[in-house]
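For reference, the chains in residue letters:
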Amino acid sequence: DVKVTQSSRYLVKRTGEKVFLECVQDMDHENMFWYRQDPGLGLRLIYFSYDVKMKEKGDIPEGYSVSREKKERFSLILESASTNQTSMYLCASSYYGYTFGSGTRLTVV
Amino acid sequence: TQLLEQSPQFLSIQEGENLTVYCNSSSVFSSLQWYRQEPGEGPVLLVTVVTGGEVKKLKRLTFQFGDARKDSSLHITAAQPGDTGLYLCAGAPSSGGYNKLIFGAGTRLAVHP
């Protein structure tokens, strides 16, 4: 089975900090995604990547950037964390269906 | 912009009851997937339906893709507490492959013993 691992389950960061969320998949998938999930809003796509060093903006990319230097790793970067970025962040990898990581619950104080 | 609307948003039922969750759109999708998400975890893929009118069964869960590939339903027979979770439908746009699935907002199901 494909495994998608997110480096942290819970994070608490201060406003203005630079935050790195890491995601690693073990099945050589080309497509990887970062979503945030908020109550009542569902999953909203932040960025996705279809190959190493390739990325595309999703629906809500403002305040975020991404890095994909190796095929198995897709990082989400919050350049200057703000309280409205408090959320559950989900990474996914796909070939056919999506395989999600367990999520990182980020709180910005 | 393609949207998927799920209904109901919340569902609270007793063990043994039947239920149906709906996923509707005005757009055509090349396929539709259903996921279940338990608290504190990421969504897990349950099924993919591809052909209009297709019906798939997974134990007590029955999934159907509409004839026009614009809607889908999930029916659970004799619900059990283990069915509790957030059910998400996700559509693959007809213009593309499995990139950038479009997700519904989800149906939160609680099954009480």
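Look up a bit, the structure's there.
Criteria and cut-off values
- Per chain, residue numbering runs from 1 following the sequence as it is written.
- All chains are assigned letters beginning at A, and all ligands numbers beginning at 1, according to the order in which they are written.
- The predicted origin of the model limits local features to residues at a pLDDT of at least 70 and limits the giving and counting of side-chain atom pairs to 80 or more, whereas totals for whole chains, interfaces and linings rest on all residues.
- Each side-chain value is worked out from all heavy atoms of the structure, with water and hydrogens disregarded.
- Only DSSP runs of H or I with at least four residues qualify as helices, and only runs of E with at least two residues qualify as strands; both kinds are numbered from the N terminus onward.
- The atom set for the radius of gyration is the C-alpha atoms, and the globule formula is 2.2 Å times the number of residues raised to the power 0.38.
- Whether two residues touch is decided by their heavy atoms; if any such pair falls within 4.5 Å, the residues are in contact.
- Methods summary: accessible areas were calculated by the Shrake-Rupley approach with a probe of 1.4 Å, and residue burial reflects only the protein chains presented.
- In this count, Lys and Arg are taken as positive residues and Asp and Glu as negative ones, while His and the chain termini are left out.
- By convention, charge coordinates are those of NZ in Lys, CZ in Arg, CG in Asp, or CD in Glu.
- The term salt bridge refers to a pairing of a side-chain nitrogen on Lys or Arg with a carboxyl oxygen on Asp or Glu at a separation within 4 Å.
- When accessible area is computed with a 1.4 Å probe and restricted to protein chains, residues below 20% of their type maximum are described as buried, those above 50% as exposed, and intermediate ones as partly exposed.
- The term buried area means the drop in 1.4 Å probe accessible area that two parts suffer when joined, counted for both and summed.
- Polar contacts, as used here, are pairs of N or O atoms within 3.5 Å; protein pairs need one atom able to donate a hydrogen and one able to accept it. Residues neighboring in sequence count only if both atoms are side-chain atoms.
- Each residue is assigned to one of three groups, with Ala, Val, Leu, Ile, Met, Phe, Trp, Tyr, Cys and Pro labelled nonpolar, Asp, Glu, Lys and Arg labelled charged, and all others, Gly among them, labelled polar.

## Concerning the overall build of chain A
Along the backbone of chain A there are zero helices and twelve strands. Seen in sequence order, chain A has helices and strands lined up from the N terminus as β-β-β-β-β-β-β-β-β-β-β-β. Its C-alpha radius of gyration of 13 Å places chain A within 12% of the 13 Å reference for a compact globule of 109 residues. Projected onto the principal axes, the alpha-carbon positions of chain A cover approximately 35 × 25 × 25 Å. A separation of at least 24 residues holds for 52% of the contacts in chain A among residues at least 6 apart in sequence. Carbon and sulfur atoms provide 49% of the accessible area of chain A, an area that totals close to 5500 Å². Counting 15 positive and 14 negative side-chain charges, chain A places the centres of these two groups 6 Å from one another.

## Focus on the pattern of salt bridges
Opposite charge on two side chains permits pairing when their charged atoms draw close. According to the stated counting rule, one finds nine salt bridges over all chains in the structure shown. With a closest N to O distance of 3.4 Å, Glu41 of chain B and Arg9 of chain A form a salt bridge. Here Glu41 of chain B, found in the loop between β4 (29–37) and β5 (44–49), pairs with Arg9 of chain A, found in the loop between β1 (4–6) and β2 (10–13), and the two come from separate chains. Taking relative accessible area as the criterion, Glu41 of chain B reaches 33% and is therefore assigned partly exposed. By relative accessible area, Arg9 of chain A is classed as partly exposed at 35%. Asp38 of chain A is the salt-bridge partner of Arg36 of chain A, the closest N and O atoms lying 2.9 Å from each other. Overall, Arg36 of chain A belongs to the buried group, its relative accessible area being 8%. The network of salt bridges with shared partners includes Arg36, Asp38 and Arg44 of chain A.

## Regarding the interface of chain B and chain A
Interface extent is often summarised as the accessible area lost during association of the parts. Each partner contributes residues to the interface: chain B has 19 residues there, and chain A has 19 residues. Summed over both sides, the interface of chain B with chain A buries roughly 1500 Å², with 55% coming from carbon and sulfur. Taken together, the links from chain B to chain A amount to one salt bridge. The interface formed by chain B and chain A includes six residue pairs in polar contact (both at pLDDT 80 or more). At the level of elements, β4, β5 and β9 (85–93) of chain B are the ones that each hand at least two residues to the side of chain B that touches chain A. Classifying every residue of the side of chain B that touches chain A by side-chain character gives ten nonpolar, seven polar and two charged.

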